[in-house]
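Structural description and commentary
The primary structure of each chain is shown beneath.
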There are 2 protein chains.
Amino acid sequence: MSETVYPLAGAAALERKGLRDRVYDLILDMLMTADIAPGARLSIDALARDLRVSPTPVREALVQLERTGLVVREALKGYRVAPPLADEQLEALFDARLVLECGAAELAARNAATLVPLLEHAVDEHRAIGERVRATAHEHGGTWPVELLREYFLIDWNFHHLIFEGTGNPFLLDMSEAISTRVHRMRQTVRSGLSDADEAVAEHAAILDALRSEGPEAAAAAMRDHIEKVRIRSRADVASP
Amino acid sequence: MSETVYPLAGAAALERKGLRDRVYDLILDMLMTADIAPGARLSIDALARDLRVSPTPVREALVQLERTGLVVREALKGYRVAPPLADEQLEALFDARLVLECGAAELAARNAATLVPLLEHAVDEHRAIGERVRATAHEHGGTWPVELLREYFLIDWNFHHLIFEGTGNPFLLDMSEAISTRVHRMRQTVRSGLSDADEAVAEHAAILDALRSEGPEAAAAAMRDHIEKVRIRSRADVASP
DNA sequence: TGTTCCAATATCCTATAGGAAAGATTCAAT
DNA sequence: ATTGAATCTTTCCTATAGGATATTGGAACA
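Here's a quick rundown of the structure. Remember, it's a predicted structure, so these values are computed and weren't measured experimentally. (Residues numbered from 1 in each chain as written. Chains lettered and ligands numbered in written order. Predicted model: local features only at pLDDT ≥ 70, side-chain atom pairs only at ≥ 80, totals over all residues. Heavy atoms only, no water.)

Next up on the list: helix 2 (residues 44–51) of chain A. Residues and elements named next belong to chain A. Among the residues of helix 2, those classed as buried are I44, L47 and A48. Along the axis of helix 2, the buried residues cluster in a sector spanning 100°; they form a single face. Pointing more than 90 degrees away from the buried face of helix 2 are the exposed residues R49 and D50. Contacts made by the buried residues of helix 2 are with helix 1 (19–33), strand 1 (41–42), helix 3 (55–66) and strand 3 (78–81). Backbone geometry just downstream of helix 2 places R52 in the positive-phi region, at approximately 60°. (Buried < 20%, exposed > 50% of the residue type's maximum accessible area, 1.4 Å probe, protein only. Helix = DSSP H or I, 4+ residues; strand = E, 2+ residues; numbered from the N terminus. Arc of directions from axis to C-beta. Contact = heavy atoms within 4.5 Å.)

What follows covers the sheet that holds strand 1 (residues 41–42) of chain B. Residue and element names in this part refer to chain B. Strand order across the open sheet formed by three strands is 1-3-2, with antiparallel pairing between neighbours. The two strands at the open ends of the sheet, each matched to only one other strand, are strand 1 and strand 2 (71–74). Examined bridge by bridge, strand 1 and strand 3 (residues 78–81) share two bridges and lie antiparallel to one another. Note on strand 3: the bridge partner recorded for R41 is R80. Each of strand 1, strand 2 and strand 3 is contacted by helix 3 (residues 55–66), which is oriented at about 50° to strand 3, the strand it contacts most. (Pairing = 2+ DSSP bridges. Axes fitted to C-alpha atoms, helices over the stretch in contact; angles between N-to-C directions.)

Residues and elements named next belong to chain A. In spatial order, the strands read 1-3-2; together these three strands make up an open sheet with antiparallel pairing. Both outer strands of the open sheet, strand 1 and strand 2 (71–74), are each paired with one neighbouring strand and no more. Where helix 3 meets the sheet, it contacts strand 1, strand 2 and strand 3, and its direction lies at approximately 50° from that of strand 3.

Between chain A and chain B, the residue contacts involve 37 residues of the former and 37 residues of the latter. Roughly 3,400 Å² of surface becomes buried between chain A and chain B when both sides are summed, with 62% attributable to carbon and sulfur atoms. Broken down residue by residue, the surface that chain A buries against chain B is led by R67, V99 and F171 of chain A, which jointly contribute 22%. Here chain A and chain B share ten salt bridges between them. A salt bridge links D174 of chain B to R182 of chain A, with the nearest nitrogen and oxygen atoms 3.9 Å apart. At the level of secondary structure, the elements contributing two or more residues to the side of chain A that touches chain B comprise helix 1, helix 3, helix 4 (87–108) and helix 7 (170–189) of chain A. For the side of chain A that touches chain B, the per-class residue count stands at 17 nonpolar, six polar and 14 charged. (Buried area = accessible area lost by both parts, 1.4 Å probe. Salt bridge = Lys/Arg side-chain N within 4 Å of Asp/Glu carboxyl O. Nonpolar A, V, L, I, M, F, W, Y, C, P; charged D, E, K, R; others polar.)

Attention shifts here to helix 7 of chain A. All names here are of chain A. End to end, helix 7 covers 30 Å across 20 residues, agreeing with the expected 28 Å (1.5 Å per residue, within 8%). Burial of helix 7 is extensive: 17 of the 20 residues sit out of reach of the surface. For helix 7, the N-terminal capping position is held by N169, with its side-chain oxygen 3.0 Å away from the main-chain nitrogen of F171. (Expected span 1.5 Å × (residues − 1). Polar contact = N/O pair within 3.5 Å; in protein donor to acceptor, adjacent residues only side chain to side chain.)

What follows covers unusual backbone geometry. Among all residues except glycine, the phi angle is most often negative; among peptide bonds, the trans geometry is most common. Of note, the phi angle at R52 of chain A is positive, near 60°, even though the residue is not glycine. Exposure remark for R52 of chain A: the relative accessible area of 74% places this residue in the exposed category.

And the structure:
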């Protein structure tokens, strides 16, 4: 999809986007941020009224969202918010991440030269917002503002996204989108990923080191280690609500 | 998507499908079989007239097709048949297949017991149609009927599809669809995959053996060997038109 | 002759209206 | 009181119409 595979050359800014794409972004944002009950109905007409557009672009956006897994459709019955990932599906999601992201890390090692600086910046950002999260925890005592959560998750995932971009492989990049939406949704249900910011930063740094000074296999191994540890931490968070 | 992950339990038969899904199938079939020039415009209104439906379901089907990579869309300009895969993209496609299918083979080894019989059947079918292809080659002397081509490719890919199903991982299965459409489209441009039927069958059998008697790593290695060899053969066919 | 501007056509994009199916509510009967 | 059916409402699904935009053709001018 994206024409510019490599860095974040922001050519996407002025590329013309139809109403359909804007509606898609709006609904996606709504699903990501707002707490919408899984299984809740997404009425086409109601959405069209709320967004002040006709049902047609809403309908197209929902078709697009259906393929991300955030929305499920039953013919002649309408769209619903996808149910939360069951434990079994959560394990499957991590399996898929292992397959995809380890392979991506291995391939991205070819372009380590251009990729390493970008990843260094990403890790720095990650470390910085980790500090902010810890400071804010002291203030509010356990609960974080939604905006901070949102920003943290974005920066965290950006590291993984950069690796996908670093492969220069448009097919893998497309598939990463399917993963990313599910991961973000998982993080809504599994209230995690903040208490372990330090560990996540350290593991990302390990992947970066492997890309910088070691080979593709080492990068893949570091990625595998990271994802497996995230899996363990997520399991713990599921067990103890 | 598919509710029944495992074998070909045809529950999809009587599950209600809206008009959108039928239009999707029709256009997909059209793109797969008919020789449509890459870059040709896919007019929404024209398709709606031809299929005797309104533009709305056509529009939805095209949104769905866009995510398969068979169709590209430019906002406010319409849909076009996706251009043929350039050499660079072809290499990227094989890289993605390596990542995905080797990982899938490794995961599918968990369910080898239930998977092996299905794969045996698939290899038998593959071998049989390989024989038919060779016989038909003697008759017609070089050119094959379209229907035979279609059937061969379907059976060939079925082996790979079964492995994806064997993982029991819905995410990997979804991604396999993105790959399969591209592979089928590649085979339209790269006139190959028939002369090397014997080799393909042998390599599939090797994967099957690894799943039956060896471990997950062996299965992944056999899959890697197969895809790499397909890559080599495809390169040769691209070089010599 | 090549270039530029303009107009006409075709197409996409959006909006509105009507038919059909599924779900909810109410009422009646056992 | 509970079950059943019938009706009503809501929603999806499809069809048609109008405004906006890009492309194409031709004509005028340098």
